[in-house]
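Notes for the structure review
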Amino acid sequence: MDATALWQRYQKWLYFHEGLGFYLDVSRMRFDDTFVEALQPKFEKAFADMEELEKGAIANPDENRMVGHYWLRNPSLAPTPELQEEIVNTIEQIETFAEKIRTGAIHPPKASRFTDIISIGIGGSALGPEFVAQALAPDFPPLGIHFIDNTDPAGIDRILTHLRNRLSSTLVLVISKSGGTPEPRNGMIEVKKAYAGQNLDFANYAIAITMPGSKLDEQAKSEGWLARFPMFDWVGGRTSELSAVGQVPAALQGIDIRAMLEGAKEMDDATRIPNIKQNPAALLALSWYFSGNGKGEKDMVILPYKDSLLLFSRYLQQLVMESLGKEKDLDGNIVHQGIAVYGNKGSTDQHAYVQQLREGVANFFVTFIEVLEDRKGQSPEIETGVTSGDYLSGFLQGTRQALYENQRDSVTVTIPQVNSRIVGALIALYERAVGFYGSLVNVNAYHQPGVEAGKKAAAAILELQKQVLEVIQTEKTSLSIEEIAQKAGASDQIEAIYKILRHLHANQRGVVLHGDFGQPSSLKVSIT
Ligand SMILES: O=P(O)(O)OC[C@H]1O[C@H](O)[C@H](O)[C@@H](O)[C@@H]1O
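Residues numbered from 1 in each chain as written. Predicted model: local features only at pLDDT ≥ 70, side-chain atom pairs only at ≥ 80, totals over all residues. Heavy atoms only, no water.

**With respect to the overall build of the protein chain**
Our working rule: Note on conventions: DSSP H or I runs of at least 4 residues are helices, E runs of at least 2 residues are strands, and numbering of each starts at the N terminus. Only protein chains enter the accessibility calculation, which uses a 1.4 Å probe; a residue is then buried when its area is under 20% of its type maximum, exposed when over 50%, and partly exposed in between. Only heavy atoms matter for contacts: two residues are in contact if any of them lie within 4.5 Å across the pair. Each accessible area is a Shrake-Rupley estimate made with a 1.4 Å probe; only the visible protein chains count as cover when residues are assessed. When charges are counted, Lys and Arg contribute as positive and Asp and Glu as negative, whereas His and the chain ends are disregarded. Charged side chains are reduced to one point each, which is NZ for Lys, CZ for Arg, CG for Asp and CD for Glu.
Counting its secondary structure elements, the protein chain contains 17 helices and 14 strands. Dimensions of the protein chain along its principal axes, counting C-alpha atoms only, are 80 × 60 × 55 Å. Looking at the protein chain as a whole, 50% of its 528 residues qualify as buried. Long-range contacts, defined as pairs at least 24 residues apart, comprise 71% of the intrachain contacts of the protein chain with a sequence gap of at least 6. Counting only carbon and sulfur atoms, one obtains 50% of the accessible surface of the protein chain, whose full area is about 23800 Å². Computing the positive centroid from 51 side-chain charges and the negative centroid from 65, the protein chain places the two 4 Å apart.

**A few points about empty space enclosed by the protein**
Test applied: Using protein atoms alone on a 1 Å grid, points that fit a 1.4 Å probe yet trap it form a cavity, whereas open point sets bounded by protein on both sides within 12 Å along at least five of seven lines form a pocket; residues with an atom within 4 Å of a point count as lining. Grid points are joined across faces, edges and corners, and a volume is the space filled by probe spheres set on the points. Each residue is assigned to one class: nonpolar for Ala, Val, Leu, Ile, Met, Phe, Trp, Tyr, Cys and Pro, charged for Asp, Glu, Lys and Arg, and polar for all the others, Gly among them.
With the rule as written, the count across this model stands at two cavities of 30 Å³ or more. Each pocket or cavity is described by its volume, and for the largest cavity that value is around 50 Å³. In terms of lining, the largest cavity is formed by L72, I87, T90, I91, F232, L242, S243, A244, Q247 and L261. Contributing elements (two or more residues each) for the lining of the largest cavity: α3 (81-103) and α8 (244-252). Of the residues forming the lining of the largest cavity, the biggest block, three residues, is contributed by α3. One number sums up the size of the second largest cavity: a volume of about 40 Å³. Forming the walls of the second largest cavity are H69, R238, T239, L319, S323, E431, V434, G435, A445 and Y446. Those elements giving two or more residues to the lining of the second largest cavity turn out to be α11 (312-324) and α14 (420-440). The leading source of residues in the lining of the second largest cavity is α14, at three residues. A class-by-class count of the residues in the lining of the second largest cavity yields four nonpolar, four polar and two charged.

**Remarks on the sheet that holds strand β7 (residues 227-230)**
Heads up, the rule is: When DSSP finds two or more bridges between a pair of strands, those strands are recorded as paired. Convention adopted: a line fitted to C-alpha atoms gives each axis, helices being fitted over their contacting stretch, and angles between N-to-C directions are expressed from 0 to 180 degrees.
Taken together, the five strands give an open sheet; going across it, the order is β4-β3-β5-β6-β7, and neighbouring strands pair in parallel fashion. Every interior strand has two partners, whereas the edge strands, β4 (144-148) and β7, have only one. Strand-to-strand twist of the sheet, defined as the mean angle between neighbouring strand axes without regard to direction, takes the value 20°. Most of the contacts of α3 go to β7, to which it runs at about 150°, and overall it touches β5 (170-175), β6 (206-210) and β7. The sheet strands contacting helix α7 (residues 215-223) are β5, β6 and β7, and the helix crosses β6 at an angle near 150°.

**Side note on the nonpolar core**
Defined as follows: By nonpolar core is meant a set of buried Ala, Val, Leu, Ile, Met, Phe, Trp, Tyr and Cys residues that side-chain atoms within 4.5 Å join together.
Ranked by size, the top nonpolar core spans 131 residues in total, and within it F22, F131, W225, W288 and Y430 carry the most contacts. Ranked by size, the runner-up nonpolar core spans 21 residues in total, among them V468, I484, A490 and L504.

**Focus on the sheet that holds strand β12 (residues 479-480)**
With respect to topology, three strands assemble into an open sheet ordered β12-β14-β13, the strand pairing being antiparallel. Each having just a single partner strand, β12 and β13 (511-514) make up the two edges of the open sheet. Judged from the two bridges that link them, β12 and strand β14 (residues 524-527) form a sheet pairing that is antiparallel. Across the sheet, L479 pairs through a bridge with V525, a residue of β14. Here helix α17 (residues 494-506) sits on the sheet in contact with β13 and β14, set at roughly 110° to β13.

**Notes on the packing of α11 against α14**
This is how the line gets drawn: Angular relationships are summarised with four words: roughly parallel below 35 degrees, roughly antiparallel beyond 145, roughly perpendicular across 65 to 115, and oblique for the angles in between. A crossing counts as left-handed when the near helix is turned anticlockwise from the far one by less than a right angle, and as right-handed when that turn is clockwise.
Running from N to C, α11 and α14 point in directions that differ by 25°, and their axes come no closer than 10 Å. As far as their axial angle goes, α14 and α11 are roughly parallel. Of the two possible hands of crossing, α11 and α14 adopt the one that is right-handed. For the pair α11 and α14, the contacting residues are F312, Y315, L316, L319, V320, S323 and L324 in the first and L426, I427, Y430, E431, V434, Y437 and G438 in the second. Classifying every residue of the contact of α11 with α14 gives eleven nonpolar, two polar and one charged.

**Section: the UniProt feature "active site" (unreviewed entry) in the protein chain**
Applicable threshold: UniProt positions are given in the numbering used here, feature names are shortened, and annotations may be inferred rather than shown by experiment.
Taking the numbering used here, the UniProt-annotated feature "active site" (unreviewed entry) corresponds to E322, H351 and K455. With the annotated positions falling across 134 residues, the maximum pairwise C-alpha distance of 37.2 Å shows that they are not confined to a single cluster. Relative to the helices and strands, H351 is located in the loop between β9 (341-342) and α12 (354-359). Topologically, K455 is positioned in helix α15 (residues 449-475).

**Concerning a nonpolar patch on the surface**
Applied cut-off: For patch building, the residue pool is restricted to those with more than 30% relative accessible area and no salt bridge; the joining distance is 9 Å between like charges and 5 Å between nonpolar side chains (Val, Leu, Ile, Met, Phe, Trp, Tyr). Salt bridge, as used here: a side-chain nitrogen of Lys or Arg that lies within 4 Å of a carboxyl oxygen of Asp or Glu.
Judged by side-chain polarity, I382, Y391 and F395 come together as a nonpolar surface patch covering roughly 260 Å² of accessible area. With respect to the helices and strands, the residue F395 is situated in helix α13 (residues 388-405). Relative accessible area serves as the criterion here: at 32%, F395 is assigned to the partly exposed category.

**Focus on the environment of V341**
Summarising the element assignment, V341 is placed in strand β9. Here the alpha-carbon distance between V341 and V411, two residues 70 residues apart in the chain, equals 14 Å. Beyond its immediate sequence surroundings of up to four residues, V341 is in contact with M300, I302, S313, L316, Q317, V320 and M321.

**Describing the site of the ligand**
Selection rule: The criterion for a residue being near a molecule or strand is simple. One of its heavy atoms has to lie within 4 Å of it. In protein, a polar contact means a hydrogen-donor-capable atom and an acceptor-capable atom, both N or O and within 3.5 Å, with residues adjacent in sequence counting only if both atoms are side-chain atoms; elsewhere, any N or O pair within 3.5 Å suffices.
Around the ligand, the structure places 14 residues, and the nearest of them are S125, S176, S178, T181 and E322. Interatomic distance of 2.6 Å between a side-chain N/O atom of S176 and an oxygen atom of the ligand. Within the complex, the protein chains bury 89% of what would otherwise be the 390 Å² of accessible surface of the ligand. Going through the elements one at a time, α11 and α15 are the ones with two or more residues in the shell around the ligand.

**Observations regarding the packing of aromatic side chains**
By convention here, two paired aromatic rings are described through the distance between centres and the angle between planes. Rules: Whether two aromatic rings pair depends on their centres lying within 6.5 Å, for rings of Phe, Tyr and Trp, where Trp uses its six-membered ring; planes under 30 degrees apart make the pair stacked, over 60 edge-to-face, and the rest tilted. Each ring is checked for a lysine NZ or an arginine CZ that lies within 6 Å of its centre and within 35 degrees of its normal; such an atom marks a charge sitting over the ring.
Evaluated as defined, the whole model comprises 27 aromatic pairs. For the ring pair Y305 and F368, a centre distance of 6.1 Å and an interplane angle of 55° mean the geometry is tilted. In this pair, Y305 sits in the loop between β8 (299-304) and α11 while F368 sits in strand β10 (residues 364-371), placing the two residues 63 residues apart along the sequence. Relative accessible area serves as the criterion here: at 2%, Y305 is assigned to the buried category. Assessed through its relative accessible area of 0%, F368 is described here as buried. Here the aromatic rings of F312 and Y430 are separated by 5.5 Å at their centres, their planes lie at 90°, and the arrangement is edge-to-face. Of this pair, F312 sits in helix α11 while Y430 sits in helix α14, and the two are 118 residues apart along the sequence. Residue class for F312 comes out buried when judged on its relative accessible area of 0%. Residue classification places Y430 among the buried positions, given a relative accessible area of 0%. Members of the aromatic cluster, connected to one another through ring pairs, are W13, F31, F35, F131, W288, Y289, F290, F312, Y315, Y430 and Y437. Its guanidinium or amino end placed over the ring of W13, K277 lies 5.1 Å from that ring's centre, counting from NZ or CZ.

Dropping the structure here:
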């Protein structure tokens, strides 16, 4: 296509939202009108499905749940007055509470202000808060936030060591929708011990964000924690950033949560329009479908040219892959659906893997995110008439062009600046695009059955560890791994048993391995 034709195509497909100053350019996805027409019936179904979902249909049939994240930013859409009230009240409670913390009206027993937050959570209970903190926290936030989003002991130590002199002014958010996920539970137990180690009563510092009645909620209630905020049954983890999960940490950092909700609402209104060309989420879903043949054949590379949006790709990784990565479709057929998502930021990544994007295996499409405002205020000149921001902008345009010339497609999202309203709008845009795409390929985008298998397997390993330790302690003599496996009645688990023992050995847990470590079957195991 020559320059004039491309310019025409650019204008033909350009989506612009005036209120948000938001652009979406899908002109560098090489679909034609026939393709769009062919997809029209599927889109009609997707629009209808979405309307039902917003009205409170059981859009997540496997878990028999409504899917209501859209109600969070427009409570009048919630199907009952009780739900509407719950949403409105929760936001007000969060704002009031955060204000009291920030001003010192609520303060720790031994200090006039809280200075820091440890936020403990994983998956949907971490990725949104992490992304938003990086994107929107002011340079000098009223409280600095630190995340424990794993059960890695060294990771936990790093945070606790860093905060050891400020623990007495550090709030702890324990975020878990289910209130039973092992990683945040472990983090909470370790952090609680650290508080006890400094003679601090954990309850005076701890806040629970979880479904009412969960294990975590019960614990917070019985121990008299500082506060509890509800996570609703009808909000999925990966779409929970605009619920208490994201709002509490954001408000405590001085981020404008009302503006985030407002931006999301504006985007929701725009993505409710049942017309592909006038609906940015539909245009995204169309592009994804085109690129991967409706089968996820191409990966989605997210490249924001702005440091503050670095974690957007990680956030989207869960939203897209946990929603769309499914073995079966809604009719029970084996489909192995999904779209792989990765990325960091430009222009940094141009000095890393973009080489492969340009010339290597063509198994992806790029989503560029362009921010029009370079920085607050004027930029110094780097060369005559040229700023650092001009370079950033030039690198984005150049990469988009170079990829296109090599038959690599891309989408470009352009936003005026990174602020609360726009970040809210971006979150809403992708939530809706994922919902539409789920309908196009006929999968339940709101459950995650595959995650359970990993959790069960891990639980089985920990059970096996207990059996193994019992054998070693009863026998009290040096044994081979094979003998231990036999005595534990788990010969079929010999490799897992070896790995358990090697891990215990490496961590001074009373188990010692002797022999040739390159020949595991030769090893002898004894207790210390
Ligand atoms: O918030 P929680 O209940 O602790 O869940 C945290 C995360 O873990 C689960 O395994 C799910 O796969 C995620 O969707 C969820 O966000």
